[in-house]
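# Structural features, examined
Residues per chain, in single letters:
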Amino acid sequence: MADKPTIAFVETSLTDGSFEADLAKEIMSIVGDRAETITLDYEDLPLAGESPEYPLPEAALAVRDKLGNADAVWVVVSEYKKTIPDSLRNLFDWLSLPSTKDEEGENVLNQKPVAISGVGGFEELHPRIMVGDLLEDAGMRLFPVEVGLSVPDEAVQTGDWAMTEADQEALRTQAEDFLTFISENEVK
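Numbering of residues starts from 1 in each chain and follows the order in which that chain's sequence is written. Local features are withheld for residues below a pLDDT of 70 in this predicted model, meaning they are given only at 70 or higher, and side-chain atom pairs are given and counted only at 80 or more; totals for whole chains, interfaces and linings count all residues. In computing side-chain values, all of the structure's heavy atoms are included and hydrogens and water are not.

### Here's the deal with helix α4 (residues 125–137)
The periodicity of an α-helix, 3.6 residues per turn, causes residues three or four positions apart to be oriented the same way. Spanning 13 residues, α4 covers 19 Å between terminal C-alpha atoms, matching the ideal 18 Å at 1.5 Å per step. Each residue is assigned to one of three classes by its accessible area relative to the maximum for its type, calculated with a 1.4 Å probe on protein chains only: buried under 20%, partly exposed between the two thresholds, exposed over 50%. We count a stretch as a helix when DSSP gives it H or I for four or more residues in a row; a strand needs E for two or more, and each element gets its number in order from the N terminus. Taken together, the buried positions of α4 are P127, R128, V131, G132, L134 and L135. Mapping the buried residues of α4 onto a view down its axis gives an arc of 165°, with all of them on the same face. At its buried positions, α4 is contacted by β3 (72–78), α3 (86–95), β4 (113–120), β5 (141–142) and β6 (147–150). Directly after α4, the chain includes G139, whose backbone phi takes a positive value near 95°. For a helix, the expected span equals 1.5 Å multiplied by the number of residues minus one. Here the arc refers to the directions that run from the helix axis out to each C-beta atom. Whether two residues are in contact is decided by their heavy atoms, any of which lying within 4.5 Å being enough.

And the structure:
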């Protein structure tokens, strides 16, 4: 890890202007210059099959390289029909595969620190749990403190959501603690 870590942000929504995008931008702003931040675009990933093709498709290799070079990952999730989007599962399926048939067990996610923040109504707790299970199954080192922010019904209707001071304070605390967690759990 360089002087400051690189954190790759993964949003479960691939839509610009989503609540997840707003939340990710807020977290990146809070992290500021204490870390390099990158966003992971995985919209072009093909569906992973039971028998993956080798070598991996260019889109999968590009995402693996970008995430593999990051020191940590931060997943921003919201409720999606009481589950998580298939596109997110697909992303982590590709990331947990070796890039060639010759690389047995090569997993760019292995022991990489990961944090989860969620946004939505009360139900968004379930997707955070599902994402945590998915990430642990992929071999990642899950940061034990999650933040879930509630979006009032009115904001859901209008698409206009403003975080409260309490929301921002919870994110500041999570960011501080996650940066410490990254430094203490550096992947060798």
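### Some thoughts on the environment of V63
Looking at the secondary structure, you find V63 in helix α2 (residues 58–68). Remark: the alpha-carbon pair of V63 and W94, spanning 31 residues in sequence, is separated by 8.7 Å. Non-local contacts of V63, meaning those with residues more than four positions away in its chain, are made with L40, D41, Y42, L45, L91 and L95.

### Considerations on unusual backbone geometry
Backbone geometry at Q111 places phi at a positive 65°, although glycine is not the residue there. Here Q111 shows up in the loop between α3 and β4.

### Observations regarding the packing of helix α1 (residues 19–31) against helix α6 (residues 165–184)
The geometry of a pair of packed helices is captured by two quantities: the angle between their axes and the separation between those axes. Axis angles are defined between N-to-C directions and span 0 to 180 degrees, where every axis is a line fitted to C-alpha atoms and, for a helix, only to the segment in contact. For the pair α1 and α6, the least separation of the axes is 10 Å and the interaxial angle reads 55°. Comparing their axes, α6 and α1 come out oblique. In this structure, the crossing between α1 and α6 has a hand that is right-handed. In this structure, α1 uses L23, E26, I27, I30 and V31 to contact α6, whose residues at the interface are Q168, L171, R172 and A175. In terms of residue class, the contact of α1 with α6 is built from six nonpolar, one polar and two charged. Oblique is the label for any angle not under 35 degrees, not over 145, and not in the 65 to 115 range, which are roughly parallel, roughly antiparallel and roughly perpendicular in turn. Handedness of a helix crossing follows the sense of rotation of the near helix relative to the far helix, less than a right angle counterclockwise being left-handed and clockwise being right-handed. Classification convention: Asp, Glu, Lys, Arg as charged; Ala, Val, Leu, Ile, Met, Phe, Trp, Tyr, Cys, Pro as nonpolar; all other residues, Gly among them, as polar.

In short, geometric facts, not functional conclusions.
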